[in-house]
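Examining the three-dimensional arrangement
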Amino acid sequence: MTQLGLPEDIQACLFDLDGVVTKTAVVHAAAWKETFDAFLREREGADFRPFDAGADYDEYVDGRPRADGVRTFLASRGIELPEGRPDDPPEAATVNGVGNRKNLLVLEKIRTEGVEAYDGTLRYIEAVRAQGLRTAIVSSSANTRDVLRSIKAEGLFEVRIDGVVAAERKLPGKPHPDTFLAAARDLGVEPSHAAVFEDALAGMDAGRSGHFGYVVGVDRVGQAEALSAHGADVVVKDLSELGGRA
């Protein structure tokens, strides 16, 4: 292992955004809960079963593209909605409408509460770059560029594969490995020589099914065992545990 805590043959590092680089996973979880609870309350009445911002978030929406999260969680409750269109209004009873409602809430929370980065991750990425490894950000979020700019970290990544790029290239999102594979391809690195850094179970699945050289699970919420079960080679609470000095 290198001083970065990675196998010797790793040439590139592919980082998820929410929960790995930025402290926005809790913001997303809160927005999903508010969105789904309002939807379920309207549909089922006061006795509805609320969305669990822990278990339901981890299992059905974390790391997935927005529409996939809506579809997957509602399916777990036996609910199927029409797809609708990407520009559906947030009050529409469609997959896209519910997803757009959630996105408006996330953007409002980010505007009012701001975005905070994990300092340990930023230092680790600087160390990675100092060692000559390539870097990419891989996120299902369509707001990735704005978030990176807000924390002045856009320049830390040579490649960005996010919700916008995935839609343009018609790439399926996590748990499929396609977005990570696209990042490795854009960097000119074989997947077997790239490391994936993820905090979501869907991201672990993507890293493993894509046959990447190393998969790092970042445990921010006490799900180390689940991350390992979904394919993490190592689980850390913060990337500073891997070592590395810029």
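Data block above holds the structure.
Conventions adopted
In every chain, residue numbers begin from 1 and rise along the written sequence. Totals for whole chains, interfaces and linings use all residues, but because this is a predicted model, local features are given only for residues with pLDDT of at least 70 and pairs of side-chain atoms are given and counted only at 80 or more. Hydrogens and waters are ignored; side-chain quantities use all the structure's heavy atoms. To qualify as a helix, a DSSP run of H or I must reach at least 4 residues; to qualify as a strand, a run of E must reach at least 2; elements of each kind are numbered from the N terminus. Counted as a polar contact is a pair of N or O atoms within 3.5 Å, where, for protein atoms, one must be capable of donating a hydrogen and the other of accepting one, and residues adjacent in sequence contribute only when both atoms are in side chains. Contacts: residue pairs with any heavy atoms within 4.5 Å of one another. Among buried residues, those of type Ala, Val, Leu, Ile, Met, Phe, Trp, Tyr and Cys that are joined through side-chain atoms within 4.5 Å constitute a nonpolar core. We call a residue buried when its accessible area falls under 20% of the maximum for its residue type, exposed when it is over 50%, and partly exposed in between, using a 1.4 Å probe and counting protein chains only. By convention, a stacked pair of Phe, Tyr or Trp rings (six-membered ring in the case of Trp) has centres within 6.5 Å and planes under 30 degrees apart, an edge-to-face pair has planes over 60 apart, and any other such pair is tilted. Look at NZ for Lys and CZ for Arg. If either is within 6 Å of the ring centre and within 35 degrees of the ring normal, a charge sits over the ring.

Let us look at the side chain of Asp37. Here Asp37 lies in helix 1 (residues 25-44). In terms of polar contacts, Asp37 uses its side chain to reach the side chain of Lys33, at 2.8 Å. At a separation of 2.7 Å, a polar atom in the side chain of Asp37 contacts the main-chain amide nitrogen of Phe51. Those residues in contact with Asp37 that lie beyond four places of it in its chain are Phe48, Pro50 and Phe51.

Among the nonpolar cores identified, the biggest contains 33 residues, and Leu6, Phe15, Val21, Tyr124, Phe197 and Leu239 are the most heavily contacted of them. Among the elements of the structure, strand 1 (12-15), helix 4 (95-113), helix 5 (119-130), helix 6 (144-150), strand 4 (194-198) and strand 5 (214-218) are those that each provide at least two residues to this core. Broken down by element, the residue count for this core peaks at five residues, all from helix 5. For Val21, the contacting residues outside a window of four places in its chain are Phe15, Asp16, Ala117, Tyr118, Thr121, Leu122, Ile125, Ile137, Ile151 and Phe157.

What describes a pair of aromatic rings is the distance from one ring centre to the other and the angle between the planes of the rings. In the structure shown here, the tally under the stated rule is nine aromatic pairs. Arranged with centres 4.9 Å apart and planes meeting at 85°, the rings of Phe51 and Phe73 form a pair that is edge-to-face. Residue Phe51 is located in the loop between helix 1 and helix 2 (55-61), and its partner Phe73 is located in helix 3 (residues 66-76); the two are separated by 22 residues in the primary sequence. Taken individually, Phe51 and Phe73 each receive the classification buried, so the pair is uniform in this respect. One residue, Arg220, lies across the ring of Tyr118, its end atom 3.4 Å from the ring centre.

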